[in-house]
Amino acid sequence: MKKSILLSVLSLAVFVTDTLAQNTLKEATKGKFLMGVAINTRQHDGSNPVEEAIIANQFSAIVPENCMKSGEIQVEEGKFNFEDADRFVAFGEKNNLTMTGHCLVWHSQLPRWFTVGPDGKLASPELLKARMKTHINTVVKRYKGKLKGWDVVNEAFEDNGTYRNSAFYRILGEEFIPLAFQYAHEADPNIELYYNDYNMYKASKCDGVIEMVKKLKARGIRIDAVGMQGHMVMGSPTVEEMEASIVKLGAAGVKVMITEWDISILPRENNRTSANLSDNMGYAQSMDPYRNGVPAEAMTQWNKRMTDMFSLFLKHADVIDRVTVWGLGDATTWLNNFPVRGRMDYPMLYDRQMKPKAVIQQMIDLAKKAK
Ligand code: XIL
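All figures in this text were calculated on a predicted structure; none of them were measured in a lab. (Residues numbered from 1 in each chain as written. Predicted model: local features only at pLDDT ≥ 70, side-chain atom pairs only at ≥ 80, totals over all residues. Heavy atoms only, no water.)

Visitor: Please set out the overall build of the protein chain residue by residue, giving values where relevant.
Guide: Scanning the protein chain from terminus to terminus reveals 12 helices and 9 strands. In summary, the protein chain has a C-alpha radius of gyration of 21 Å against a globular reference of 21 Å for 371 residues, a match within 12%. Dimensions of the protein chain along its principal axes, counting C-alpha atoms only, are 80 × 50 × 40 Å. Looking at the protein chain residue by residue over its 371 residues, the buried ones come to 54%. On the protein chain, roughly 16,200 Å² of surface is accessible, and the fraction owed to carbon and sulfur atoms is 53%. Between the centroid of the 46 positive side chains of the protein chain and the centroid of its 44 negative side chains there is a distance of 3 Å. (Helix = DSSP H or I, 4+ residues; strand = E, 2+ residues; numbered from the N terminus. Rg over C-alpha atoms; globule rule 2.2 N^0.38 Å. Buried < 20%, exposed > 50% of the residue type's maximum accessible area, 1.4 Å probe, protein only. Areas by Shrake-Rupley, 256 points an atom, 1.4 Å probe, with all protein chains shown as cover. Lys, Arg positive; Asp, Glu negative; His and termini not counted. Charge placed at Lys NZ, Arg CZ, Asp CG, Glu CD.)

Structural data, given as structure tokens:
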């Protein structure tokens, strides 16, 4: 008798655990796209078991929020520091999570030495090429066979579709992009290679990127996907703008990834969605209205915007390979400090106490219903 009670309790526990495990974004999006999250170093160093468990249970993919950027990995020329990046990869392996490296060539969080020559002026094309090659080679080879893909070049275009006048561009012209992709491919012929940018919903920017993608493809240079970062505000972009770009990119023969999705609930001057790190503004209390919480009406609107966008991603799951939210909980989102320092934003799926927001269940239900 006792034994049979024990058995039924055990099987009930197994049933509940299984049901809970299935009621996750990871399970609901299976076969549609990878459901990813950007994680910070405190979420893979063992100091935060609750957050680590959420990441492992709820998501199928991870990307490092900062620790694989050149400014972290090669602060001084030739001195590589892989401590955090190694931990990130070990965490992903332990939990069977698909990993993306972020990012190899980017004008931000770039150590100064990278593009400066011995005379203190811009490095010569040869010097920059050699540095790019060494950096890409060393980093990509280290994680060969462990990551699924790399954001090879990040944010190389302006919103109007022209090339950003970064140091890379000033030294090498548009050729820095194919070179970066080539170096990455040589370092690991099996790894997927991505271009990643913000404001990809803007037609002019998307068209500029598509032109570049076509040039790469015409030269036989590998590019697998374009990442649309997906940093959004309440008033911008529209679902239609996002959809037009997703469709155009798909038609250009690349997969699409929503790589850095977050919807800020705070006011933003002119609804600007730029994610360029230098585009920051001074603090004003009027721009920080929710220090004591978000009123129900505003929360409902944010929720609807999240589910409208997520429905769009599900509709285009045939071209979208991965949807990644840029952070886990509201307490640590970068949007508390961008584009204004010290605000209180609420863009994440988990609140400041790491409690799941209602939107998660709604997203799960939408994903389960989607064909
Ligand atoms: C952000 C991180 O979230 C912050 O922690 C860091 O201080 C600055 O960079 N586009 C990108 C990301 O590609 O790497 C940026 O991440 C946000 C904009």
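Visitor: Give me the lowdown on the packing of helix H11 (residues 296–315) against helix H12 (residues 358–369), citing residues and values where you can.
Guide: Interaxial distance between H11 and H12 falls to 10 Å at its minimum, and their mutual angle equals 25°. Between H11 and H12, the interaxial angle falls into the category roughly parallel. The two elements H11 and H12 meet at a crossing, and its hand is right-handed. Two secondary-structure elements touch here, H11 through Trp302, Asn303, Met306, Thr307, Phe310, Ser311 and Leu314 and H12 through Val359, Gln362, Met363, Leu366 and Ala367. (Axes fitted to C-alpha atoms, helices over the stretch in contact; angles between N-to-C directions. Parallel < 35°, antiparallel > 145°, perpendicular 65-115°, else oblique. Left-handed = near helix turned anticlockwise from the far one by under 90°. Contact = heavy atoms within 4.5 Å.)

Visitor: Requested: an account of the layout of surface pockets, with residues and values cited.
Guide: Computed from the structure, the largest pocket encloses a volume of approximately 330 Å³. Taken together, 21 residues line the largest pocket, and the ones lying closest to its centre are Asn66, Lys69, Gln109, Leu277 and Trp334. A breakdown of the residues in the lining of the largest pocket according to their chemical character gives 6 nonpolar, 10 polar and 5 charged. (1 Å grid on protein atoms, 1.4 Å probe; cavity = no way out; pocket = protein on both sides within 12 Å on 5 of 7 lines; lining within 4 Å. Points joined across faces, edges and corners; volume = space filled by probe spheres on them. Nonpolar A, V, L, I, M, F, W, Y, C, P; charged D, E, K, R; others polar.)

Visitor: I'd like a description of the site of the ligand, backed by residues and values.
Guide: As a structural note, the neighbourhood of the ligand is formed by 15 residues, with Glu65, Lys69, His102, Glu260 and Trp326 the closest of them. At 2.9 Å from an oxygen atom of the ligand is found a side-chain nitrogen or oxygen belonging to Asn154. Assessed atom by atom at 2 Å from the grid points, the ligand resides in the largest pocket. In the shell around the ligand, the residues fall into 5 nonpolar, 6 polar and 4 charged. (Near = heavy atom within 4 Å. Polar contact = N/O pair within 3.5 Å; in protein donor to acceptor, adjacent residues only side chain to side chain. Sits in = over half its atoms within 2 Å of the grid points.)

Visitor: Could you give an account of unusual backbone geometry, with specific residues and numbers?
Guide: The peptide bond linking Ser236 to Pro237 adopts the cis configuration, its omega dihedral lying at -5°. Structurally, Pro237 is set in the loop between strand E7 (231–232) and helix H10 (239–251). Residue Pro339 is reached from Phe338 by a cis peptide bond, and omega for that bond is -5°. Mapping Pro339 onto the fold places it in the loop between strand E9 (320–325) and H12. One non-glycine residue, Gln109, adopts positive backbone phi at about 45°.

Visitor: I'd love a proper account of the side chain of Ser60, names of residues and values included.
Guide: For Ser60, the location among the structural elements is in the loop between helix H3 (49–58) and strand E2 (61–64). Accessibility expressed as a relative area gives 13% for Ser60, which makes it buried. With residues near it in sequence (within four places) discarded, Ser60 still touches Lys26, Leu34, Met35, Leu97 and Thr98.

Visitor: Outline the pattern of salt bridges, listing residues and values.
Guide: In the structure shown here, the tally under the stated rule is 19 salt bridges. For Arg272, the salt bridge goes to Asp279, with nearest N and O atoms at 3.8 Å. By relative accessible area, which is 37% here, Arg272 ends up partly exposed. Overall, the relative accessible area of 26% leaves Asp279 in the partly exposed class. Across the pair Asp308 and Lys304 runs a salt bridge whose closest N-O atoms are separated by 2.7 Å. Pair noted here: Asp308 and Lys304 are both in helix H11, with a separation of 4 residues, about one helical turn. Connected via shared salt-bridge partners are Asp159, Asp197, Lys202 and Lys205. (Salt bridge = Lys/Arg side-chain N within 4 Å of Asp/Glu carboxyl O.)

Visitor: Give a description of H3 that names residues and reports values.
Guide: Restricting attention to buried positions, one finds in H3 the residues Glu51, Glu52, Ile54, Ile55, Ala56 and Gln58. Elements that come into contact with the buried residues of H3 comprise helix H2 (25–28), strand E1 (34–39), E2, helix H5 (83–94) and H12.

Visitor: Would you mind going over the nonpolar core in detail, with residue names and values included?
Guide: Of all hydrophobic cores here, the largest spans 102 residues; its most connected members are Met132, Trp261 and Phe313. Setting aside residues no more than four positions away along its own chain, Met132 makes contact with Val105, Phe114, Phe168, Leu172, Phe176, Leu179, Ala180 and Tyr183. If you look at the next biggest cluster of nonpolar residues, it comprises 8 residues, including Val63, Tyr198, Ala275 and Leu335. (Core = buried A, V, L, I, M, F, W, Y, C linked by side-chain atoms within 4.5 Å.)

By themselves, these observations are geometric and do not establish any function.
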